[in-house]
Amino acid sequence: MAVWDDVVGQDRVTEQLAAAARDADAHVAAGSAGPRSSADDAPQEAAAPERSGTSQMTHAWLFTGPPGAGRATAARAFAAALQCVSPDRALGGAPGCGFCDGCHTTLVGTHADVEIVRTDLLSIGVKETRELVRRASLSPAGGRWQVIVLEDADRLTEGAGNVLLKAVEEPAPRTVWLLCAPSIEDVLPTIRSRCRHLSLRTPPVGAVAEILVRRDGIDPETADRAARATQGHIDRARRLATDERARSRRAAVLKLPLRVDDVGGCLKAAQELIDAAGEDAKQVAEEVDAKETEELRAALGAAAGTGGRLPRGTAGAMKELQDKQKRRSTRTQRDSLDLALVDLTGFYRDVLAVQMGASVPLANDEVGDSLRRIASTSTAEGTLRRIEAVIACREALGRNVAPLLAVEAMTVALRAG
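Along each chain, residues carry numbers from 1 onward, in the same order as the chain's sequence is written. For this predicted model, a pLDDT threshold of at least 70 governs which residues receive local features, and a threshold of 80 or more governs which side-chain atom pairs are given and counted, while totals over whole chains, interfaces and linings are taken from all residues. Processing note: side-chain calculations cover all non-hydrogen atoms of the structure and skip hydrogens and water entirely.

## Remarks on the overall build of the protein chain
Reasoning step 1: Each helix and strand counted, the protein chain has 15 helices and 5 strands in total.
Reasoning step 2: Each radius of gyration is computed over the set of C-alpha atoms, and the globule rule expresses the reference value as 2.2 Å times the number of residues to the power 0.38. For the protein chain, the C-alpha radius of gyration of 24 Å lies close to 22 Å, the compact-globule estimate for 417 residues.
Reasoning step 3: In terms of overall dimensions, the protein chain has a C-alpha envelope of 70 × 65 × 40 Å along the principal axes.
Reasoning step 4: A buried classification covers 46% of the 417 residues belonging to the protein chain. A run of DSSP states H or I qualifies as a helix once it reaches four residues; a run of E qualifies as a strand once it reaches two. Both are numbered from the N-terminal end. Partly exposed describes any residue whose relative accessible area lies between the buried limit of under 20% and the exposed limit of over 50%, with all areas from a 1.4 Å probe on protein chains only and scaled to the type maximum.

Here you go:
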């Protein structure tokens with residue numbers, strides 16, 4: 001199975017990446033220093049192939065696309081193709097076989113020359129970025145490429161972005177940066193102008209269902225239902241198809257529109273949404289925090305499981321870990337709440353489709369009775385206002401408005417229609 005097989009519904013992008021991987025392989029075979037900098041070319045804001053006779057490989061790439069499009073999957077697949085050491089290439093085989101040591105270790109995250117950076121915090125700071133830049137300046141241990149995959153480039157602080165700019169502006173030989181972000185506007189203009197831009201689209205529902213069946217062994221009916229419910233979001237579809245708690249949480253969200261008949265119901269529904277998001281954060285903390293804390297205590301010299309006193313001078317390290325865990329809890333709560341709001345938007349999208357007599361498939365046909373009930377007791381204009389209220393809530397949360405206040409304002413707006 002080639003590394004591109006998990007990049008769902010992105011044929012145009014995979015063709016360009018495969019061509020770039022072949023050019024990169026030619027660089028290695030010829031023993032050249034590496035791809036030329038994008039600064040040597042005019043900035044490329046579109047994902048068009050280069051002129052005939054010119055290498056399609058460059059040192060910095062920017063993958064953008066809506067949530068669930070598979071930005072990080074495409075970046076990891078490209079990294080694997082760059083590290084491919086399959087002997088079939090000598091016979092004309094394309095890089096990215098998916099079976100060799102280079103491909104396998106890259107895809108599972110253990111390749112010595114591939115750094116995959118993802119964060120469960122709210123932002124990526126200067127300290128972490130400087131460490132990445134230091135790593136990028138090293139020569140590849142295996143002699144091919146030093147690849148940095150930054151899955152959350154949109155979470156770089158302004159200072160961190162400026163630190164990264166220098167490395168992208170003056171790349172080290174044989175170093176390739178793969179940046180991922182929801183949109184091109186989420187990355188500093190000075191950085192994106194030095195990257196080749198690839199725009200991914202939302203995968204078709206059928207393609208998402210197919211990969212759930214093929215890769216995860218999910219039965220076709222469940223896979224199709226999950227793909228439709230998440231409107232092509234690959235990771236959410238997998239979670240919905242395999243996690244009973246995710247299905248229960250979504251079912252509770254889809255009941256919310258029927259519970260905002262009065263102000264009391266609005267406030268209660270808002271509180272329950274916040275509580276559910278907090279429970280998600282607590283669950284993650286229980287799974288991860290205790291292990292991290294115990295590992296750090298052991299590293300600092302405290303006996304495992306004893307709760308004994310730490311050596312002097314180590315309190316700062318423990319405080320830093322606690323702050324990190326607190327930020328991760330905040331991020332988890334926000335992500336869980338945002339997921340609920342996305343499901344709510346999908347519900348009202350279906351209501352609008354029923355009201356307009358549209359022939360599009362419903363994402364939430366399992367609650368068809370509720371959809372038709374809401375549709376029959378409201379107008380299309382009211383449904384649009386409700387969708388706008390959910391979007392406004394998501395934007396307010398992005399501006400750090402207190403979650404409970406933002407959600408309460410939304411539920412009251414849903415009642416008003």
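## A few points about helix 5 (residues 158-169)
For an α-helix, the turn length of 3.6 residues means that residues three or four places apart are oriented alike.
Reasoning step 1: Between the first and last residue of a helix there are one fewer steps than residues, each counted as 1.5 Å, and that sum is the expected span. Taking 1.5 Å of rise per residue, 12 residues should cover 16 Å, and helix 5 covers 16 Å from first to last C-alpha, within 8% of that figure.
Reasoning step 2: If you check which residues of helix 5 are buried, you get Ala160, Gly161, Leu164, Leu165, Ala167 and Val168.
Reasoning step 3: For helix 5, the secondary structure elements touched by its buried residues are strand 1 (60-64), helix 4 (126-136), strand 3 (146-150), strand 4 (175-181) and helix 6 (189-192). The contact criterion used is simple: two residues touch if any of their non-hydrogen atoms lie within 4.5 Å.

## Overview of the sheet that holds strand 1
Reasoning step 1: Strands sit in the order 2-3-4-1-5 across an open sheet of 5 strands; the sheet is parallel. Here the strands that pair on one side only, and so sit at the sheet edges, are strand 2 (114-117) and strand 5 (196-199). Within the sheet, the average angular offset between the axes of one strand and its neighbour, ignoring direction, is 15°.
Reasoning step 2: When DSSP finds two or more bridges between two strands, those strands count as paired. Where strand 1 meets strand 4, 5 bridges bridge the pair, whose relative direction is parallel. Across the sheet, alanine 60 pairs through a bridge with tryptophan 177, a residue of strand 4.
Reasoning step 3: Sheet strands touched by helix 5: strand 1, strand 3 and strand 4. Its angle to strand 4, the strand with the most contacts, is close to 135°. Think of each axis as a best-fit line through the C-alpha atoms, taken over the contacting stretch in the case of a helix, with angles from 0 to 180 degrees between the N-to-C directions.

## Topic: the pattern of salt bridges
Reasoning step 1: Note on definitions: salt bridges are taken to be side-chain nitrogens of Lys or Arg within 4 Å of carboxyl oxygens of Asp or Glu. One pass over the full model with this rule turns up 28 salt bridges.
Reasoning step 2: Measuring nitrogen to oxygen at the nearest pair gives 2.8 Å for the salt bridge that ties glutamate 169 to arginine 194. Placement of the pair is glutamate 169 in helix 5 and arginine 194 in the loop between helix 6 and strand 5, with a sequence separation of 25 residues.
Reasoning step 3: It is possible to trace a salt-bridge network through shared partners that takes in Asp6, Glu210, Arg214, Arg215, Asp216, Asp235 and Arg238.

## With respect to a nonpolar patch on the surface
Reasoning step 1: Nonpolar side chains (Val, Leu, Ile, Met, Phe, Trp, Tyr) within 5 Å and like charges within 9 Å form the patches, drawn only from residues with over 30% relative accessible area and no salt bridge. What sets the accessible areas is the Shrake-Rupley method with a 1.4 Å probe; for residues, cover comes only from the shown protein chains. On the surface, Val263, Leu267 and Val412 cluster together to form a nonpolar patch covering roughly 210 Å² of accessible area.
Reasoning step 2: On the secondary structure map, valine 412 appears in helix 15 (residues 403-416).
Reasoning step 3: Classification of valine 412 as partly exposed rests on a relative accessible area of 37%.

## So, the nonpolar core
Reasoning step 1: Core analysis: the biggest nonpolar cluster contains 35 residues, and Leu17, Trp61, Phe63, Phe78 and Leu178 have the highest contact counts within it.
Reasoning step 2: When contributions to this core are tallied by element, the ones reaching two or more residues are helix 1 (11-30), strand 1, helix 2 (71-82), strand 3 and strand 4.
Reasoning step 3: In terms of residue count, the dominant contributor to this core is helix 2 (8 residues).
Reasoning step 4: Not counting chain neighbours up to four residues away, the residues in contact with phenylalanine 63 comprise Leu17, Arg71, Ala74, Ala75, Phe78, Leu178, Leu179, Cys180, Ala181, Leu198 and Leu200. The nonpolar core is taken to be a set of buried Ala, Val, Leu, Ile, Met, Phe, Trp, Tyr and Cys residues, with the residues joined through side-chain atoms within 4.5 Å.

## Examining the pairing of strand 4
Reasoning step 1: Of all 7 residues in strand 4, 7 are buried, a share of seventy percent or more.
Reasoning step 2: Where strand 3 and strand 4 come together, 5 bridges link them in parallel fashion. Across the sheet, the residue bridging to valine 147 is valine 176, located in strand 4.

## Notes on unusual backbone geometry
Reasoning step 1: With a phi close to 65°, arginine 174 is a non-glycine residue in the positive phi region.
Reasoning step 2: Among the structural elements, arginine 174 can be located in the loop between helix 5 and strand 4.

## Quick notes on the layout of surface pockets
Reasoning step 1: Approximately 580 Å³ is the volume attributed to the second largest pocket.
Reasoning step 2: In this structure, the second largest pocket is lined by 17 residues; those nearest its centre are Thr119, Leu121, Glu128, Lys324 and Arg327.
Reasoning step 3: Sorting the residues of the lining of the second largest pocket by element identifies helix 4 and helix 12 (315-356) as the ones contributing at least two each.
Reasoning step 4: The class makeup of the residues in the lining of the second largest pocket is 6 nonpolar, 3 polar and 8 charged. Of the grid points, spaced at 1 Å and generated over the protein atoms alone, those admitting a 1.4 Å probe that cannot get out make up cavities, while open sets with protein on both sides within 12 Å along at least five of seven lines make up pockets; any residue with an atom within 4 Å of a point is treated as lining. Grid points are joined across faces, edges and corners, and a volume is the space filled by probe spheres set on the points. Residue polarity follows a fixed list, in which Ala, Val, Leu, Ile, Met, Phe, Trp, Tyr, Cys and Pro are nonpolar, Asp, Glu, Lys and Arg are charged, and the others, Gly among them, are polar.

## Regarding the side chain of histidine 111
Reasoning step 1: Relative to the helices and strands, histidine 111 is located in the loop between helix 3 (101-108) and strand 2.
Reasoning step 2: On the basis of relative accessibility, which here comes to 15%, the residue histidine 111 falls in the buried class.
Reasoning step 3: Apart from the residues lying within four places of it in its own chain, the contact partners of histidine 111 are Gln83, Gly102, Thr105 and Thr106.

On their own, these measurements won't tell you what the molecule is for.
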